[in-house]
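# What the coordinates show
Chain residues, written in single-letter form:
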Amino acid sequence: MRPRILVTDNLHKVFWEILEPCAEIDQRLGLSKEGLVKLVPGYDVLVVRSRTRVDSDVLAAGRQGRLRLVVRAGVGLDNIDLEAAKRYEVEVVNTPTASSQSVAELAIGLMIATARGIAWLNHLARQGTWRKERGVELYGKTLLVVGFGRIGRRVAALAKTLGLRVKAYDVVDVSSIAKRMGVEPVDDLCKGLGEADIVSIHVPLTKTTYHLFSDELFNCLKPGAIIINTSRGAVVDAEALLRALESGKVYAAGLDVLEHEPPSTPAEKRLLEHPRVVITPHVGASTREAQYRVAVLAAAKIVEKLGLNCPSTRGTVEKVCKELDSIGLGC
C-alpha cells in the first residue's frame, strides 16, 4: 500500500515531483484544529510549516490511525509538542539547514537597514521629506551572535566579510568551532552584551528562552546597541525592547519576528511605528532558493524514514546537499 501524506501548508512543487511516483499526497490548507484532528488518522505522514500547530490532541488522533511521522518543513519545532510525539511514538524530523542562508542574509540586511535608518528614510523620502540623517557603519563594530547553531554560524561568516569583529554565545560549549571560524567565544552573556555594538539573536523558543531578552538583559547592553532578531518573536519582550529604545540602551532594532503575528499588543504596535525599528513579516526563509531546498529535503526525509523507492529523489537531493556543503551547512 502506498503511504499517504497530508500537507497542511504551502510547499514548493518539487515536493510533489519527488514523491508522487511513490506516495499519495493530499494538501489541505487552512485546516482548523478540529479539521486536522479529524483527518490526520488517515495518513502516515503529516507535513507542516510554522503555521500548523501539532499538539497532543492531533498526535493522539493520528496515533489512533496510521500516523508515524511528522515532518516540519523548516527549522523551528516550537509548534510541535515533542513530548507528546515521544509519548505517542510519532517521529518528528525537520530540515534545519535548508533556509539557513536565507535567514542569515536577512539578519545581515537588517543590520545594514537599522544602522543606516533605511526604512525610515525611505518612508520620509516618499512623503517628500529629504532628510540627510547620519547613520553608523558596520565595519569595525563588534557583533555578538547569541545562539551559535547553523544560522548563527552563517551570520558570523557573512559578518566577518563585512569587517565586523564577531563574538559568539551559546548555552553549549561552542568554543572549538568558534575559534576555527575566527570568532571569539563568550561564556557570560551579560558581559558579552556589554561589549557588543550589534546583537543578533538565533536561539530556539523554549521555556528558558521565552522573554530571554527582558529588562535584565537589556540593562547589560552598552548604550546605543543594535538588536536583530530573526529567531522567534517571544524570545524578546516587546515592552522591554521599547523601554530600551526610549532609554538609548538600544539605538535601533531589526525584527523579522514578533510574539504575536501580525502585531496585536500595544507594545508591538508601537514598535511597528517606531522610526528606529525595522520590521519584516517573518520572511527569513521566504526566498525562492530556501523554499525549493526546504521542499526537497522534506521529501528526502520522508523517503529515508519510510524506506521508499522514489527514483527521482537521489539526483535532486544530491544537488541540493552539494550546494549546502559549499557554504558549510550540509544536509
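Scroll up to find the structure this text is about.
Model, not experiment: these values are computed from the prediction. (Residues numbered from 1 in each chain as written. Predicted model: local features only at pLDDT ≥ 70, side-chain atom pairs only at ≥ 80, totals over all residues. Heavy atoms only, no water.)

## Looking at the overall build of the protein
Looking only at helices and strands, one finds 14 helices and 12 strands in the protein. For a compact globule of 331 residues, the expected C-alpha radius of gyration is about 20 Å, and the protein comes in at 21 Å, within 12% of that figure. If you line up the protein on its principal axes, its C-alpha atoms span 65 × 45 × 40 Å. Here the protein, with 331 residues, has 50% of them falling under the buried criterion. When contacts within the protein are restricted to residue pairs at least 6 apart in sequence, those whose partners lie at least 24 apart make up 65%. About 16300 Å² of surface is accessible on the protein, with carbon and sulfur atoms providing 50% of the total. For the protein, the distance from the average site of its 45 positive side-chain charges to the average site of its 39 negative ones is 4 Å. (Helix = DSSP H or I, 4+ residues; strand = E, 2+ residues; numbered from the N terminus. Rg over C-alpha atoms; globule rule 2.2 N^0.38 Å. Buried < 20%, exposed > 50% of the residue type's maximum accessible area, 1.4 Å probe, protein only. Contact = heavy atoms within 4.5 Å. Areas by Shrake-Rupley, 256 points an atom, 1.4 Å probe, with all protein chains shown as cover. Lys, Arg positive; Asp, Glu negative; His and termini not counted. Charge placed at Lys NZ, Arg CZ, Asp CG, Glu CD.)

## Here's the deal with the packing of aromatic side chains
Counted under the stated rule, the structure contains two aromatic pairs. Residue placement shows Arg-4 over the ring face of Tyr-43; its charged tip is 4.3 Å from the ring centre. (Phe/Tyr/Trp six-rings, centres within 6.5 Å; stacked < 30°, edge-to-face > 60°. Lys NZ or Arg CZ within 6 Å of the ring centre and 35° of its normal.)

## Notes on the nonpolar core
Membership of the largest hydrophobic core comes to 35 residues, with the highest contact counts inside it found for Ile-5, Phe-15, Leu-19, Val-47 and Ile-302. Secondary structure elements with two or more residues in this core: β1 (4–7), α1 (14–19), β3 (45–48), β4 (69–72), α13 (288–306) and α14 (313–326). It is α13 that provides the largest number of residues to this core, a total of 10 residues. Counting 32 residues, the second-largest nonpolar core is a separate cluster that includes Ala-225, Ala-244, Leu-271 and Val-277. (Core = buried A, V, L, I, M, F, W, Y, C linked by side-chain atoms within 4.5 Å.)

## Quick look at the state of the cysteines
Inspection of every chain in the model, using the stated rule, returns three disulfides. The partner cysteine of Cys-22 in its disulfide is Cys-310, sulfur to sulfur 1.7 Å. Between Cys-22 and Cys-310 the sulfur-sulfur dihedral comes to about 70°; the bridge is accordingly right-handed. In this pair, Cys-22 is assigned in the loop between α1 and β2 (24–27) and Cys-310 in the loop between α13 and α14, connecting sequence segments 288 residues apart. Exposure class is identical for Cys-22 and Cys-310. Each is buried. Here Cys-190 engages in a disulfide with Cys-220; their sulfurs sit 2.0 Å apart. Measuring the twist about the S-S bond at about -100°, one finds the Cys-190-Cys-220 disulfide to be left-handed. In this pair, Cys-190 is assigned in helix α9 (residues 189–195) and Cys-220 in the loop between α10 (215–218) and β10 (225–229), connecting sequence segments 30 residues apart. A relative accessible area of 14% places Cys-220 in the buried class. With its disulfide-bonded cysteines labelled consecutively along the sequence, the protein is connected as 1-4, 2-3, 5-6. (Disulfide = S-S within 2.5 Å.)

## Remarks on empty space enclosed by the protein
What the rule picks out here adds up to one cavity of 30 Å³ or more. Within this model, the largest cavity holds a volume of roughly 60 Å³. What lines the largest cavity is simply Asn-229, Gly-233, Val-236, Ala-238, Leu-241, Leu-255, Val-257, Leu-258, Glu-259, Glu-268 and Leu-271. For the lining of the largest cavity, the secondary structure elements donating two or more residues are α11 (238–247) and α12 (266–273). Of the residues in the lining of the largest cavity, the class split is seven nonpolar, two polar and two charged. (1 Å grid on protein atoms, 1.4 Å probe; cavity = no way out; pocket = protein on both sides within 12 Å on 5 of 7 lines; lining within 4 Å. Points joined across faces, edges and corners; volume = space filled by probe spheres on them. Nonpolar A, V, L, I, M, F, W, Y, C, P; charged D, E, K, R; others polar.)

## A short note on the layout of surface pockets
In this structure, the second largest pocket spans a volume of roughly 340 Å³. Lining the second largest pocket are 15 residues, and of these Asp-78, Leu-205, Arg-232, Leu-258 and Glu-259 sit closest to its centre. Grouping the amino acids of the lining of the second largest pocket by side-chain chemistry returns five nonpolar, four polar and six charged.

## Remarks on the pattern of salt bridges
Two side chains that carry opposite charge are able to pair once their charged atoms sit near each other. Per the counting criterion, the structure on display carries 15 salt bridges. Salt-bridge contacts for Lys-167 lead to Glu-195; the nearest nitrogen and oxygen are separated by 2.6 Å. One end of the pair, Lys-167, is in strand β7 (residues 165–169); the other, Glu-195, is in helix α9, with 28 residues separating them in the sequence. A relative accessible area of 31% places Glu-195 in the partly exposed class. (Salt bridge = Lys/Arg side-chain N within 4 Å of Asp/Glu carboxyl O.)

## Quick look at helix α5 (residues 100–116)
Each α-helix turn comprises 3.6 residues. Residues three or four places apart therefore point the same way. For α5, built from 17 residues, the straight-helix expectation of 24 Å at 1.5 Å per residue is met to within 8% by its first-to-last C-alpha distance of 25 Å. Where burial is concerned, most of α5 is hidden: 13 out of the 17 residues are buried. Once α5 ends, the next one or two residues include Gly-117, with phi positive near 65°. (Expected span 1.5 Å × (residues − 1).)

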